[in-house]
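Descriptive structure summary
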Amino acid sequence: MIPTTQHLDLIINRWHDLHDALAPSGGRAAWPPTGLLITYLRQLEDAESQRAARDGSGTGEHAAPLVIDVLDTMRAVEAALVTLADQIAAQIQRPSMSHAPRDWPPTDRARRDQRADEDAADPRRWRYIGQRTAPYAAAWLAARLEAIPGPFGPLPETEAARIARVAAGAAERILGALGEAQRAAKVARPCHCTGTLYVYGGGGTTPYVRCDTCGWTQTAATAAA
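Residues numbered from 1 in each chain as written. Predicted model: local features only at pLDDT ≥ 70, side-chain atom pairs only at ≥ 80, totals over all residues. Heavy atoms only, no water.

Turning our attention to the packing of aromatic side chains. Under the definition given, this model contains three aromatic pairs. On the basis of an interplanar angle of 25° and a centroid distance of 5.7 Å, the ring pair of Trp126 and Tyr136 is categorised as stacked. Of this pair, Trp126 sits in the loop between helix 4 (106-120) and helix 5 (134-145) while Tyr136 is found in helix 5, placing the two residues 10 residues apart along the sequence. Among the residues examined, Trp126 registers a relative accessible area of 2% and is labelled buried. Ring geometry for Trp126 and Trp140: centres 5.6 Å apart, planes at 50°, overall tilted. Of the two residues, Trp126 sits in the loop between helix 4 and helix 5 while Trp140 sits in helix 5, which places them 14 residues apart along the sequence. What links up through ring pairs into an aromatic cluster is the set Trp126, Tyr136, Trp140 and Phe152. If you follow Arg144 out to its NZ or CZ, it ends over the ring of Trp140, 5.0 Å from the centre. (Phe/Tyr/Trp six-rings, centres within 6.5 Å; stacked < 30°, edge-to-face > 60°. Helix = DSSP H or I, 4+ residues; strand = E, 2+ residues; numbered from the N terminus. Buried < 20%, exposed > 50% of the residue type's maximum accessible area, 1.4 Å probe, protein only. Lys NZ or Arg CZ within 6 Å of the ring centre and 35° of its normal.)

The next thing to look at is the packing of helix 1 (residues 4-22) against helix 5. It is at 9 Å that the axes of helix 1 and helix 5 come closest, and there the two elements cross at 155°. In this view, helix 1 runs roughly antiparallel relative to helix 5, as classed from their interaxial angle. Viewed along their axes, helix 1 and helix 5 form a crossing whose handedness is left-handed. For the pair formed by helix 1 and helix 5, the contact residues are Thr4, Thr5, Leu8, Ile11, Ile12 and Trp15 on the first element and Ala134, Pro135, Ala138, Ala139, Leu141, Ala142 and Leu145 on the second. Classifying every residue of the contact of helix 1 with helix 5 gives 11 nonpolar, two polar and no charged. (Axes fitted to C-alpha atoms, helices over the stretch in contact; angles between N-to-C directions. Parallel < 35°, antiparallel > 145°, perpendicular 65-115°, else oblique. Left-handed = near helix turned anticlockwise from the far one by under 90°. Contact = heavy atoms within 4.5 Å. Nonpolar A, V, L, I, M, F, W, Y, C, P; charged D, E, K, R; others polar.)

At their nearest, the axes of helix 1 and helix 6 (residues 157-177) sit 9 Å apart, and the two run at 35° to each other. Of the two elements, helix 1 crosses helix 6, and the hand of that crossing is left-handed. Seen from helix 1, the contacting residues are Thr4, His7, Leu8, Leu10, Ile11, Arg14, Trp15 and Leu18; seen from helix 6, they are Ile163, Ala164, Ala167, Ala168, Ala170, Ala171, Ile174, Leu175 and Ala177.

Before going further, it helps to spend a moment on the nonpolar core. Ranked by internal contacts, the top residues of the largest apolar core, which has 29 residues, are Leu8, Ile11, Trp15, Leu18, Leu81, Trp140 and Leu141. Of all the elements in the fold, those that place two or more residues in this core are helix 1, helix 3 (66-92), helix 5 and helix 6. Looking at this core, the element that brings in the most residues is helix 3, giving 10 residues. Setting aside anything within four residues of it in sequence, one finds Trp15 in contact with Met74, Val77, Glu78, Ala134, Pro135 and Ile174. (Core = buried A, V, L, I, M, F, W, Y, C linked by side-chain atoms within 4.5 Å.)

Structure below.
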């Protein structure tokens, strides 16, 4: 099982890649991937789709452009992480120290007010205004999981579990938007044994085609050789 902090690190470290993908020159590898075998299978799949459309069985829907997909991912991930940080901070973050009453002696009041100002400005505090980005929220949540000292109470186990779920989902969505998630695509053309073919790839692995019936397997690299 992947540690939650690893998911949070991925969010922090790959956020700039999402920004890069928003540029017209940015992008990700096509799916299914290219290669002689994959291209051939994709052409067969496209032909089947066109036939289905002519028969009236197609949905007529098209995938959203990459930029829209990436932008939606960034908005959703940021909203989820910032909202989670808001809710957890409301539970465990200690209110900042109050200023001294006016009837305190001047020296004592000045010392107390200075401490109160420093406490309120503590950079370890979660802010409800200002810096509220996904990487910042991920870093703050990671610090709470690691119990780094600060103006906080202990993190309940239920909230640690919430962080784990949100971080895992956010990391998966980011990898998906960047085209790096493990994925599979069904090929319309059947195998020679009449079984169903699937294209597998992503996550840094070499794409390959495999039959779910006879087990015939071939990689894109093999097909291109």
